[in-house]
Amino acid sequence: MRQPSPTHVTEALRTNMSGGKSVAQLLAEAALRVPFMSLEELRARVEAQEDDLIVLDVRERDAYEVGHVPGARLLPRGQLELRVNQELPDPTRRILTCCELGYVSTLAASTLR
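### Side note on helix α6 (residues 103–112)
1) Next: Every buried residue of α6 is listed here: S105, T106, L107, A108, A109 and S110.
2) Next: Packing partners of the buried residues in α6 comprise α2 (23–33), α5 (80–87) and β3 (94–98).

### Details of the packing of α5 against α6
1) Next: Running from amino to carboxyl end, α5 crosses α6 at an angle of 60 degrees, the nearest separation of the two axes being 11 Å. By the angle class used here, α5 and α6 are oblique. The chirality of how α5 crosses α6 is right-handed. Side by side, α5 and α6 meet where L80, E81 and V84 of the first sit next to A108, T111 and L112 of the second.
2) Next: When its residues are assigned to classes, the contact of α5 with α6 shows 4 nonpolar, 1 polar and 1 charged.

### Some remarks on the packing of α2 against α6
1) Next: Across the interface, α2 lies against α6 with an axial gap of 9 Å and an inter-helix angle of 65 degrees. The interaxial crossing formed by α2 with α6 has left-handed handedness. On α6, the residues touching V23, L26, L27, A30, A31 and R33 of α2 are Y103, T106, L107 and S110.
2) Next: For the contact of α2 with α6, a count of residues per class yields 7 nonpolar, 2 polar and 1 charged.

### A closer look at the side chain of D57
1) Next: Along the polypeptide, D57 turns up in strand β1 (residues 53–57).
2) Next: A polar contact of 2.7 Å, which involves the side chain of D57, links it to the side chain of R59.

### Some remarks on a nonpolar patch on the surface
1) Next: Taken together, the side chains of L101, Y103 and V104 make up a nonpolar region of the molecular surface, amounting to roughly 340 Å² of accessible area.
2) Next: Assignment of secondary structure puts V104 in helix α6.
3) Next: Residue V104 is classed as partly exposed on the basis of its relative accessible area of 37%.

Here is what the cut-offs are and how they apply
- Position numbers for residues count from 1 along each chain, tracking the sequence in the order it is written.
- The model is predicted, so local features are restricted to residues of pLDDT at least 70 and side-chain atom pairs to those at 80 or more, both for listing and for counting; the totals for chains, interfaces and linings are taken over all residues.
- Values reported for side chains reflect all heavy atoms of the structure, with hydrogen atoms and water molecules removed beforehand.
- Note on exposure labels: buried denotes an accessible area under 20% of the residue type's maximum, exposed denotes more than 50%, and partly exposed covers the range between, all computed with a 1.4 Å probe on protein chains only.
- Helix and strand definitions follow DSSP, with helices as H or I runs of at least four residues and strands as E runs of at least two, each counted in order from the N terminus.
- Here a residue-residue contact requires only that any non-hydrogen atoms of the pair lie within 4.5 Å.
- Axis definition: a line fitted to C-alpha atoms, limited for helices to the stretch in contact. Angles are taken between N-to-C directions and run from 0 to 180 degrees.
- For classification purposes, an angle smaller than 35 degrees is called roughly parallel, one larger than 145 roughly antiparallel, one from 65 to 115 roughly perpendicular, and anything else oblique.
- Left-handed describes a crossing in which the near helix is turned anticlockwise from the far one by less than a right angle; the clockwise case is right-handed.
- Gly is placed with the polar residues, together with every amino acid not listed as nonpolar (Ala, Val, Leu, Ile, Met, Phe, Trp, Tyr, Cys and Pro) or charged (Asp, Glu, Lys and Arg).
- Residues adjacent in sequence count toward polar contacts only when both atoms are side-chain atoms; beyond that, a polar contact is any pair of N or O atoms within 3.5 Å, and within protein one must be able to donate a hydrogen and the other to accept it.
- Residues with no salt bridge and a relative accessible area higher than 30% make up the patches, which join like charges within 9 Å and nonpolar side chains (Val, Leu, Ile, Met, Phe, Trp, Tyr) within 5 Å.
- Here the open area of atoms and residues is found with the Shrake-Rupley method and a 1.4 Å probe, where only the protein chains shown may cover a residue.
- Criterion for a salt bridge: a side-chain nitrogen of Lys or Arg within 4 Å of a carboxyl oxygen of Asp or Glu.

Encoded structure:
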């Protein structure tokens, strides 16, 4: 079984791939470009069973299985670039990314955008 890389190695690789930007810098830039939806609006859309919005949970499977937005699809952030075309073939669909605190989903939304 393959051992996961240490966290500092992952962060160093991410920083190198982003042109030397830290996660904090990437988040700040993404937050300027990504529109946000309130939890109240999301709740109303889920309760109304509106189908014009794909809710994409970008957490890992174990967190998703503990609890998630009803109807949300699972596509972990670490797999987003690899599976986006397969999982989300229609580029015209509106997508709402979600996670526990909003950091990972903000980066995921920026990537999708």
